[in-house]
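Structure at a glance
The chain contents come next:
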Amino acid sequence: MGLSSAPVSSLCLILATLCAAALACSSHYEYAIEEFCLAKFKLDMEALDQGHWCSWEDTVESYGELTNCTFLVALKMNCFWPNRLVDEFFIRVHRHYFQDCSLSGRLLHDPPNRILGPFIIVPILVTLLMTALVVWRSKRSEGIV
């Protein structure tokens, strides 16, 4: 069975339209999210102390607004969302604002010595005690046949 030329040409027209829509919004969409979305996010982040940038509780509202803004701009410009430009945009945002943050949203620090100490000392003492117990048992059983 062969395909008729009508469905094939319709499919080509749809693909061409989708590709044109995706390519046409690239430079304009990128400019729009930089000017409208990132500008507000920058102001919000500047108002926040840099030490709080890694606190999810402090940045979740601004980050959510940034995400919604990129979506709304894409919707108004008939662009797909998410797309490659949005991914690259958020990678740049993360590299600038959140590069020193851990996955949990807090900077990692060593625990205080009063907490860390027992986790070091107890295994060492248990190892020494077990070694002494094995040596003592082996000496004790030498006389038993």
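Up top you'll find the structure we're talking about.
These notes cover the structure that comes with them. Note that the structure is predicted; figures quoted are calculated from it, not measured.

**Digging into the environment of Ile33**
Within the element layout of this structure, Ile33 appears in helix α1 (residues 5–47). Distance from Ile33 to Phe71, taken between C-alpha atoms, is 9.3 Å for residues 38 residues apart in sequence. Setting aside its immediate chain neighbours within four residues, Ile33 contacts Leu38, Thr70, Val73 and Phe89.

**With respect to unusual backbone geometry**
A cis amide bond links Trp81 to the next residue, Pro82, at an omega of -5°. By the secondary structure assignment, Pro82 is in the loop between α2 (56–76) and α3 (84–97). Despite not being glycine, Asn78 has its phi angle at roughly 55°, a positive value. With respect to the secondary-structure elements, Asn78 resides in the loop between α2 and α3. The class of Asn78 is exposed, set by a relative accessible area of 61%.

**Thoughts on the state of the cysteines**
One pass over the structure, following the stated rule, counts two disulfides. Between the sulfur atoms of Cys37 and its disulfide partner Cys69 the distance amounts to 2.0 Å. One disulfide, between Cys37 and Cys69, carries an S-S torsion of -80° and so falls in the left-handed class. Of this pair, Cys37 sits in helix α1 while Cys69 sits in helix α2, placing them 32 residues apart in sequence. With respect to burial, Cys37 and Cys69 carry one shared label: buried. Two residues share a disulfide in this structure: Cys54 and Cys101, whose sulfurs sit 1.9 Å from each other. With the S-S dihedral at roughly -85°, the linkage between Cys54 and Cys101 falls on the left-handed side. Of this pair, Cys54 sits in the loop between α1 and α2 while Cys101 sits in the loop between α3 and α4 (113–140), and the two are 47 residues apart along the sequence.

What counts, and at which threshold
- Residues numbered from 1 in each chain as written.
- Predicted model: local features only at pLDDT ≥ 70, side-chain atom pairs only at ≥ 80, totals over all residues.
- Heavy atoms only, no water.
- Helix = DSSP H or I, 4+ residues; strand = E, 2+ residues; numbered from the N terminus.
- Contact = heavy atoms within 4.5 Å.
- Buried < 20%, exposed > 50% of the residue type's maximum accessible area, 1.4 Å probe, protein only.
- Disulfide = S-S within 2.5 Å.

Take it as geometry only, folks, not as evidence of what the structure does.
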